[in-house]
Amino acid sequence: MANSSSGESVIRRVVRLVGAFDDAHRTMSVATLARRSGLPVTTTYRLVDELLAEGLLEREANAEVRIGTRLWELVSRSSRMVGLREAALPFMEDVQAVVQHSTTLGILDSDDVLYIERIGSRESMVDITKVAGRLPVHGTSSGLVLLAYSAPDYQDLLLSRTLEKFTDATLTDPTELRRHLASIRQRGFASMPGIIVPESSGIAVPVFGRSNTVVAALSVVVPRNEENVPARVPVLMTAARGISRALGWRGELKGALRQSNGPI
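Counting restarts for each chain: residues are numbered from 1 in the order of the written sequence. Residues qualify for local features only when their pLDDT is at least 70, as the model is predicted, and side-chain atom pairs are given and counted only at 80 or more; totals for whole chains, interfaces and linings, by contrast, use all residues. Side-chain metrics rest on all non-hydrogen atoms present in the structure, leaving aside hydrogens and water.

Engineer: Mind showing me how you'd approach the pairing of strand E7 (residues 190-193) here?
Structural biologist: Looking along a regular strand, one sees the side chains alternate between the two faces of the sheet. DSSP bridges decide pairing: two strands pair if at least two such bridges lie between them. Helix and strand definitions here come from DSSP, where helices need a minimum of 4 consecutive H or I residues and strands a minimum of 2 consecutive E residues; each element is numbered from the N-terminal end. Bridging between E7 and strand E8 (residues 200-208) involves 4 bridges; their strand directions are antiparallel. Along E8, the bridge assignment pairs Ser191 with Ile203. From the end of E7 to the start of E8, which pair antiparallel, there are 6 residues, and Gly194 there has a positive phi angle of about 65°.

Engineer: It is not clear to me how the environment of Ile67 should be interpreted in this structure. Could you clarify?
Structural biologist: Counting through the fold element by element, Ile67 comes out in strand E3 (residues 65-67). Given a relative accessible area of 29%, Ile67 falls into the partly exposed group. Considered as a pair, Ile67 and Phe21 are 46 residues apart in the sequence and their alpha carbons are 7.6 Å apart. Contacts: residue pairs with any heavy atoms within 4.5 Å of one another. Excluding anything up to four places from it in sequence, Ile67 contacts Val18, Phe21, Leu56, Leu57 and Glu58. Partly exposed residues are those whose accessible area sits between 20% and 50% of the maximum for their type, while under 20% is buried and over 50% is exposed, using a 1.4 Å probe and protein chains only.

Engineer: Can you help me understand the packing of aromatic side chains in this one?
Structural biologist: Any aromatic ring pair is given by two values, namely how distant the centres are and how the planes are angled relative to each other. A pair of Phe, Tyr and Trp rings is counted when the ring centres sit within 6.5 Å of each other, with Trp represented by its six-membered ring. The angle between the planes then sorts it: under 30 degrees is stacked, over 60 is edge-to-face, the rest tilted. Within this structure, the stated rule accounts for 2 aromatic pairs. Judged by centre distance (6.2 Å) and plane angle (70°), the rings of Tyr149 and Phe208 are edge-to-face. Here the residue Tyr149 occupies a position in the loop between helix H6 (141-148) and helix H7 (152-159), and Phe208 occupies one in strand E8, the gap between them amounting to 59 residues. When sorted by exposure, Tyr149 lands in the same class as Phe208, which is buried.

Engineer: Can you walk me through the packing of helix H2 (residues 30-37) against helix H3 (residues 41-53) in this structure?
Structural biologist: When two helices pack together, their arrangement is given by the angle between the helix axes and by the axis-to-axis distance. Packing of H2 against H3 leaves a shortest axis separation of 9 Å and a crossing angle of 115°. Of the possible angle classes, the one that applies to H2 and H3 is roughly perpendicular. Considering only the axes of H2 and H3, their crossing is right-handed. Two secondary-structure elements touch here, H2 through Val30, Leu33, Ala34 and Ser37 and H3 through Val41, Thr44, Tyr45 and Val48. Any residue outside Ala, Val, Leu, Ile, Met, Phe, Trp, Tyr, Cys, Pro, Asp, Glu, Lys and Arg is labelled polar, Gly included; the first ten of those are nonpolar and the last four are charged. Split into classes, the residues belonging to the contact of H2 with H3 amount to 6 nonpolar, 2 polar and no charged. Note on geometry: axes are C-alpha line fits, over the in-contact stretch for helices, and angles between N-to-C directions span 0 to 180 degrees. Any angle from 65 to 115 degrees is called roughly perpendicular, while one under 35 is roughly parallel, one over 145 is roughly antiparallel, and all others are oblique. Handedness of each helix crossing follows the sense of rotation of the near helix against the far helix: counterclockwise by less than a right angle gives left-handed, clockwise gives right-handed.

Engineer: Would you explain the sheet that holds strand E2 (residues 57-59) in this entry?
Structural biologist: Neighbouring strands of a sheet are bound in pairs by backbone hydrogen bonds; such pairs are parallel or else antiparallel. Across the sheet, 3 strands lie side by side as E1-E3-E2; this open sheet has antiparallel pairing. Each having just a single partner strand, strand E1 (27-28) and E2 make up the two edges of the open sheet. Note that E1 and E3 share 2 bridges and pair antiparallel. Note that in E3 the partner of Thr27 across the bridge is Arg66.

Engineer: Looking at this model, I keep getting lost on the pairing of strand E4 (residues 102-109). Mind explaining?
Structural biologist: Summarising burial for E4: 7 of the 8 residues are buried, a large majority. Taken together, the 5 bridges between E4 and strand E9 (residues 214-223) define a ladder with antiparallel strand orientation. Residue pairing for E9: Leu105 is matched across the bridge by Leu218. Two elements, E4 and strand E5 (residues 112-119), share 7 bridges in a ladder whose sense is antiparallel.

As structure tokens, this is what we get:
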């Protein structure tokens, strides 16, 4: 694999280009792409031309570029997330129909929750979750569920770091967080009012895979004054059980919980 004069491989440079696109920058000029990716303009033009030729980028009528359909096609062919999303969607639709607020499916990736599916709602006034969006693992109900069932080594590593405090409700003290994670494992769900946005509350439950390990978290994001945990949790647990069984899980939602192997 050819390297640049800086020692950076072509693949790494391409990742930097693709990673420069986000919700606020769905299309951009090549010059802007060079600036956002931190690559030289000449290098960016050359790589963009090659990516355009392969369909991995596409050019708009105004000459700006965007992520190409071909890239989505290739990624979707064998991604394990496809099966998880397909298994979850019918149950997520049921949850959203009952709760009438945004329903999300997230996985643990590095120190973040990566949201792989979301069903929105017109009733959701405050919701910062997005498909392919990330939020810090300690700053969401889904993240705390995933953290609670992750490997002890991973928990130790994360809790040894300085964690950002987003609101007064964000837990950052390691001892307090460990107690809370134990409580999540005991109850089987997390309810976190105002943990990252003061006006909203997240309620999440674990989703299990074939090996009886947690592979995702199913959650709803509701206004803080509509949290109603006793009503929301059974709906989420019923859906999570259905998703888990669709994935090949044959355990019980409570009483047979094993820790996962850490981030997936």
